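Structure at a glance
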Amino acid sequence: VNVKSALYKKHPAWCLNQQGRNFRCEGRNQLVLDFSRAEVQKYVEEKLEALLSSSNIEYLKWDMNRHLTEVYGNNVAAEKQGEVFHRYMVGVYKVLRFLNAKFPNVRIETCS
């Protein structure tokens, strides 16, 4: 997500980052949404459901080329930060499972 976007301005805590640091890595001019958060999963599901329902879309390419840096969750306790990467992937899989169930005829490519 771009830091100049409306989404980031409304929900800056939805991005992976190290809390309290003045520096953040904006690889490809982006930050990474924190899919370990249920509200991020729900937001992405709702946006993609609206998009895929709006037209006869048969193919979705989800670009995952942004490296995961600063894999720290803003809603995860300090002693559980080591779980964030795993929780992130579980969240991505939940969204993909939702999309596959809702849109079984849409081919999804996740490239990285």
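Note: the structure precedes this text.
Throughout, residues of each chain are indexed from 1 in the direction in which the sequence is written. Residues qualify for local features only when their pLDDT is at least 70, as the model is predicted, and side-chain atom pairs are given and counted only at 80 or more; totals for whole chains, interfaces and linings, by contrast, use all residues. By convention in this description, side-chain values take in all heavy atoms of the structure and omit both hydrogens and water.

**Side note on the overall build of the protein**
Stated precisely, the cut-off is as follows: Only DSSP runs of H or I reaching four residues or more are called helices, and only runs of E reaching two or more are called strands; each is numbered from the N terminus. Radius of gyration: C-alpha atoms only; globule rule: 2.2 Å multiplied by the number of residues to the exponent 0.38. Throughout this description, buried means an accessible area under 20% of the type-specific maximum (1.4 Å probe, protein chains only), exposed means over 50%, and partly exposed covers the range between. Only the protein chains shown count as cover for residues, and the accessible areas themselves come from Shrake-Rupley with a 1.4 Å probe. A positive count includes Lys and Arg, and a negative count includes Asp and Glu. His and the chain ends are not counted in either. By convention, the point assigned to a charge is CZ for Arg, NZ for Lys, CD for Glu and CG for Asp.
Across its full length, the protein carries 3 helices and 2 strands. Listed by position from the N terminus, the elements making up the protein come as α-α-β-α-β. The C-alpha radius of gyration of the protein comes to 15 Å, within 12% of the 13 Å expected for a compact globule of 112 residues. Among the 112 residues that make up the protein, the fraction classed as buried is 36%. Accessible surface computed for the protein: about 7300 Å², of which carbon and sulfur atoms make up 50%. Of the charged side chains in the protein, 17 are positive and 12 negative; the average position of the first set lies 3 Å away from that of the second.

**Quick notes on helix α3 (residues 84–102)**
The condition that has to hold: Here, expected helix span is obtained from the residue count minus one, scaled by 1.5 Å. Directions are taken from the helix axis to each C-beta atom, and the arc is the one they span. Residues are treated as being in contact if the distance between any of their heavy atoms lies within 4.5 Å.
Taking 1.5 Å per residue, 19 residues should reach 27 Å; α3 reaches 27 Å between its end C-alpha atoms and fits that length. Inspection of α3 places V84, Y88, G91, V92, V95, L96 and L99 among the buried residues, and these make up the whole buried set. The buried residues of α3 occupy an angular sector of 135° when the element is viewed end-on, so they sit on one face. Residues of α3 that are exposed and point over 90 degrees away from its buried face: H86, R97 and A101. Here the buried face of α3 lies against α2 (38–54), β1 (59–63) and β2 (107–111).

**Focus on the nonpolar core**
Quick note on the threshold: Side-chain atoms within 4.5 Å link the members of a nonpolar core, which is a set of buried Ala, Val, Leu, Ile, Met, Phe, Trp, Tyr and Cys residues.
L33, F35, V44, W62 and L99 are the most contacted members of the largest nonpolar core, which totals 22 residues. Of all the secondary structure elements, the ones that give two or more residues to this core are α2, β1 and α3. In terms of residue count, the dominant contributor to this core is α3 (6 residues). With sequence-adjacent residues up to four places away left out, F35 is seen in contact with V40, Q41, V44, W62, R87, Y88, G91, V92 and V95.

**Quick look at the pairing of β1**
The side chains of a regular strand alternate between the sheet's two faces. Formally: A pair of strands is treated as paired once DSSP finds two or more bridges between them. With strands facing away from the observer, any crossover in which the path from the first strand over the helix to the second runs clockwise is taken as right-handed.
Residues L60 and W62 point to one face of β1 and are all buried, whereas Y59, K61 and D63, pointing to the other face, are not buried. As judged from the 5 bridges shared by β1 and β2, these two strands associate in the parallel manner. Within β2, the position partnered with W62 by the bridge is T110. Handedness of the crossover joining β1 and β2 through α3 is recorded here as right-handed.

**As for the packing of aromatic side chains**
The condition is simple: When two rings of Phe, Tyr or Trp (its six-membered ring) have centres within 6.5 Å they constitute a pair, described as stacked for plane angles under 30 degrees, edge-to-face for angles over 60, and tilted for the intermediate range.
Scanning all chains against the criterion turns up 3 aromatic pairs. With a centroid separation of 5.6 Å and 65° between ring planes, the pair formed by W14 and Y43 is classed as edge-to-face. In this pair, W14 sits in the loop between α1 (6–10) and α2 while Y43 sits in helix α2, placing the two residues 29 residues apart along the sequence. The exposure class assigned to Y43 is partly exposed, which follows from its relative accessible area of 26%. Residues F35 and W62 carry aromatic rings whose centres are separated by 5.8 Å and whose planes lie at 50° to one another, so their mutual orientation is tilted.

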